[in-house]
Structures are given as structure tokens and as C-alpha cells.
Amino acid sequence: GQQLNQSPQSMFIQEGEDVSMNCTSSSIFNTWLWYKQEPGEGPVLLIALYKAGELTSNGRLTAQFGITRKDSFLNISASIPSDVGIYFCAGDVEGANSKLTFGKGITLSVRP
Amino acid sequence: SQTIHQWPATLVQPVGSPLSLECTVEGTSNPNLYWYRQAAGRGLQLLFYSVGIGQISSEVPQNLSASRPQDRQFILSSKKLLLSDSGFYLCAWSVGGTVAYEQYFGPGTRLTVT
């Protein structure tokens, strides 16, 4: 089946730094979604992207739908301690009947 | 606005006991509903999804089952739990009847099988 690749598994940054995360696939996706999950909670939708090349911001977060439709990235600017959590990318391929494929997630740690 | 509830929040059950987890959605009609399992705090595995009452699709064969007795209620069950059923169970919904892929998750249920 389709797979979404997220690496590295963990990232450690200093408060105030910017960080970028990629999500790639060998398949073409029609939709890209980015979620954040904090410990013991359900994932929260951050940004949804529906068109190739689309660039969308949500506060300090910016995400882009890759031109090839096989990748997406999420940028977090001026990180703060509450940015810690697991960041998942998710997407759908044509005919997926409203099902999403999820990446394995990147655990972000922010040092004060 | 829409809200999604799951209960219980945590559950400790012995091996071989039955299971029933409940998920309800408020503020929307005819949603698509999903059950996921997350092991060891990583990776979301889709277990079941439903596009309507009584319509259940299973993604992974196992000793779990799902039912949708009402439009906004989704139940995950097992007759006999296995140790490997431990994990964090998440329910999610998306807008039904449209090609909308944004899924919204509930707070989850932490299940420990002993």
C-alpha cells in the first residue's frame, strides 16, 4: 500500500529556532494534512493542503503541497516550548474513499 | 461546532475479558467515522471505518469488531482481549457525503491488557 516517509524519527531544537519537516511518498497524493499530537491526547489538525504548490500558514506554521504531489513540508518558525509533540503528515490517494495514510511521525523536542 | 467524545479515558482489562469502547460525535450528521490504534505512542493504524449506520469496513483482520448502531455513535468491541490489544485507541470523524479528507480525532482511550 501507499507509504508516507517522515524522518528523522526525532528532532531536537533550541527555543527560538526554526524547524522544517518533510513528508515524502513514492505515490501521488491528492491531499496533504499535518497533525500535532501531544502526550496522552488525540492528534490535532494543523493544516490541510488540497492543491499542488499550495502554501498555507497557520500562525507560526507554514506548510506546502509539493509540485510533484509526492511530498509536503511543514515549517515551524521561532519555536517555543509548547511546540513539543509528535508531528504527523497524512494524505490520501485517489479512490481511497475518505481514508488517510499516515506517516510514522516526528517527535519534536524544544530546549528552553 | 462539532465535538467528539470517547470513553472511557483509560481502561485496564485482563486477558480474555471483553471490551467495549464508545465514541460519539456531536454537531454534525452522517459523518464518516474511524477507529485507529496507536502502539507505543507512534504510528496510527486504521482498524475500521464507517460511512453510515450499519456500514463497517475492516482494515486489519483481528479479534476486534466495530459497530455503528446510531448515526453518530461508533463502538469498538472484543469478545476476548489479547495482550497485543494494548494501546491507545483513537476515534475520528470526517464530513460525510463529500470528498473531504480532514479527519478530527477524539481524546483517545488508553487500554492496558494485563
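Since the model is a prediction, treat every value here as computed from it, not as a measurement.

Draft legend 1. Structural view of the environment of Pro107(B). Relative to the helices and strands, Pro107(B) is located in the loop between strand 10 (104-105) and strand 11 (109-113). Pro107(B) sits in the partly exposed class, given a relative accessible area of 42%. Each C-alpha atom of the pair Pro107(B) and Cys91(B) lies 8.0 Å from the other, and the pair is 16 residues apart in sequence. Apart from residues no more than four positions distant in its own chain, Pro107(B) is found in contact with Gly40(A), Glu41(A), Gly42(A), Ile4(B), Gln6(B), Phe88(B) and Leu90(B).

Draft legend 2. Quick peek at the environment of Lys79(B). Residues and elements named next belong to chain B. With respect to the secondary-structure elements, Lys79 resides in the loop between strand 8 (73-78) and strand 9 (87-94). According to the relative accessible area criterion, Lys79 is exposed, its value standing at 75%. Distance from Lys79 to Ser17, taken between C-alpha atoms, is 6.8 Å for residues 62 residues apart in sequence. Discounting chain neighbours no more than four positions away, the residues touching Lys79 are Gly16, Ser17, Pro18 and Asn63.

Draft legend 3. Spotlight on the sheet that holds strand 1 (residues 3-7) of chain B. Residue and element names in this part refer to chain B. Spatially, 1-3-8-7 is the arrangement adopted by the four strands of the open sheet, whose pairing is antiparallel. The two strands at the open ends of the sheet, each matched to only one other strand, are strand 1 and strand 7 (64-70). Across the sheet, the axes of successive neighbouring strands diverge by a mean angle of 20°, strand direction being ignored. By the bridge criterion, six bridges tie strand 3 (residues 19-26) to strand 8 in an arrangement that is antiparallel. The residue bridging Glu22 from the neighbouring strand is Ile75, located in strand 8.

Rules of the game
Residues numbered from 1 in each chain as written. Chains lettered and ligands numbered in written order. Predicted model: local features only at pLDDT ≥ 70, side-chain atom pairs only at ≥ 80, totals over all residues. Heavy atoms only, no water. Helix = DSSP H or I, 4+ residues; strand = E, 2+ residues; numbered from the N terminus. Buried < 20%, exposed > 50% of the residue type's maximum accessible area, 1.4 Å probe, protein only. Contact = heavy atoms within 4.5 Å. Pairing = 2+ DSSP bridges. Axes fitted to C-alpha atoms, helices over the stretch in contact; angles between N-to-C directions.

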